[in-house]
Amino acid sequence: MESAHYFSSSPAGPFTRKPLTVELAGETRRLQTSQGIFSPDGIDKGTAVLLAGVPAPHPQGNLLDIGCGWGPVALTMALLAPGSKVYAVDVNERCITLTNENAAALGLANVVASTPGAVDPEIRFDTIWSNPPIRIGKDELHALLKMWLPRLAEGGTAWLVVQKNLGSDSLQRWLAAELDSSFTVTRESTSKSFRILAVRKASHSPR
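Residues numbered from 1 in each chain as written. Predicted model: local features only at pLDDT ≥ 70, side-chain atom pairs only at ≥ 80, totals over all residues. Heavy atoms only, no water.

1. What about the UniProt feature "domain: Methyltransferase small" (unreviewed entry) in the protein?
Phase 1 of the analysis: Under the UniProt annotation, "domain: Methyltransferase small" (unreviewed entry) lies at residues 30–186.
Phase 2 of the analysis: In the segment residues 30–186, helix accounts for 34% and strand for 25%; the C-alpha atoms at its two ends are 35 Å apart. (UniProt positions renumbered as here; feature names shortened; annotations may be inferred. Helix = DSSP H or I, 4+ residues; strand = E, 2+ residues; numbered from the N terminus.)

Structure, rendered in structure tokens:
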């Protein structure tokens, strides 16, 4: 685990920014990162699989990144869909600050990073991308997904990347059982020990 504190709202240790150069949406980007967050030194394997393996997000809708870290998923969504509004959520205050600062550095006015509770509960999302924080524990993970996945817009899709040995198949079964009949849950692909799961909301909910 990269940090013992990245699930904390206020990680221990100083918040010291350091430069980070990564490739996002096909170009080299110069951003900032810090210790006390998830994968502070670059794009982790799961997120790389997600970004390489999912279709482009909805071009003009509301998009969501659950567990944004320093921002690789949210920033990629915003770069690929400049007409959209990207909501990036995290409990870690450093992640929120870094994602907002990195968005500003890239000139992305369509990204808003915040705590989950700061997002208007009436908003519905056309696309959700997430490398969900499996290691917070099953109960906490289930509560997190039950909070966000039902907020998919009709016709919307959530793409989740989950490592096989951390329970991707059991999570797929749980999602299929937990979500109502307007949702379908499928395993879309497997790459480098990770599975990508797709959760789709029907275009018209069953009566």
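2. As for empty space enclosed by the protein
Phase 1 of the analysis: The full count for this structure, using the stated rule, is one cavity of 30 Å³ or more.
Phase 2 of the analysis: One number sums up the size of the largest cavity: a volume of about 120 Å³.
Phase 3 of the analysis: Residue composition of the lining of the largest cavity, by class: six nonpolar, six polar and two charged. (1 Å grid on protein atoms, 1.4 Å probe; cavity = no way out; pocket = protein on both sides within 12 Å on 5 of 7 lines; lining within 4 Å. Points joined across faces, edges and corners; volume = space filled by probe spheres on them. Nonpolar A, V, L, I, M, F, W, Y, C, P; charged D, E, K, R; others polar.)

3. A closer look at unusual backbone geometry
Phase 1 of the analysis: Of note, A25 is a non-glycine position whose phi angle comes to about 50°, a positive value.
Phase 2 of the analysis: Summarising the element assignment, A25 is placed in the loop between β1 (18–24) and β2 (27–33).
Phase 3 of the analysis: One non-glycine residue, S193, adopts positive backbone phi at about 75°.
Phase 4 of the analysis: Turning to its location among the elements, S193 is positioned in the loop between β8 (183–191) and β9 (194–201).

4. With respect to the sheet that holds β9
Phase 1 of the analysis: As summarised here, the arrangement of the seven strands in space is β5-β4-β3-β6-β7-β9-β8, forming an open sheet in which the pairing is mixed. The open sheet has two free edges, formed respectively by β5 (111–114) and β8, since each of these has just one partner strand. Pairwise comparison of adjacent strand axes, ignoring direction, gives a mean angle of 15° for this sheet.
Phase 2 of the analysis: Bridge count between β8 and β9: eight bridges; the pairing is antiparallel. Residue pairing for β9: T186 is matched across the bridge by A198.
Phase 3 of the analysis: The strands that helix α1 (residues 45–53) touches are β6 (125–130), β7 (152–163), β8 and β9; relative to β9, the one it contacts most, it runs at about 50°.
Phase 4 of the analysis: Along the sheet, helix α2 (residues 72–80) makes contact with β3 (62–66), β4 (85–89), β5 and β6, crossing β6 at roughly 140°. (Pairing = 2+ DSSP bridges. Axes fitted to C-alpha atoms, helices over the stretch in contact; angles between N-to-C directions. Contact = heavy atoms within 4.5 Å.)

5. A word on the pattern of salt bridges
Phase 1 of the analysis: Here the structure, examined in full by the defined rule, presents seven salt bridges.
Phase 2 of the analysis: The salt bridge partner of D169 is R187, with a shortest N-O separation of 3.3 Å. With D169 in helix α5 (residues 168–178) and R187 in strand β8, this pair connects stretches of sequence that are 18 residues apart.
Phase 3 of the analysis: D169 sits in the partly exposed class, given a relative accessible area of 25%.
Phase 4 of the analysis: With its nearest N and O atoms 2.6 Å apart, the salt bridge here joins D169 to R195. Placement of the pair is D169 in helix α5 and R195 in strand β9, with a sequence separation of 26 residues.
Phase 5 of the analysis: Judged by relative accessible area, which is 12%, R195 ranks as buried.
Phase 6 of the analysis: A cluster of three or more residues bridged by salt bridges with shared partners is formed by D169, R187 and R195. (Salt bridge = Lys/Arg side-chain N within 4 Å of Asp/Glu carboxyl O. Buried < 20%, exposed > 50% of the residue type's maximum accessible area, 1.4 Å probe, protein only.)

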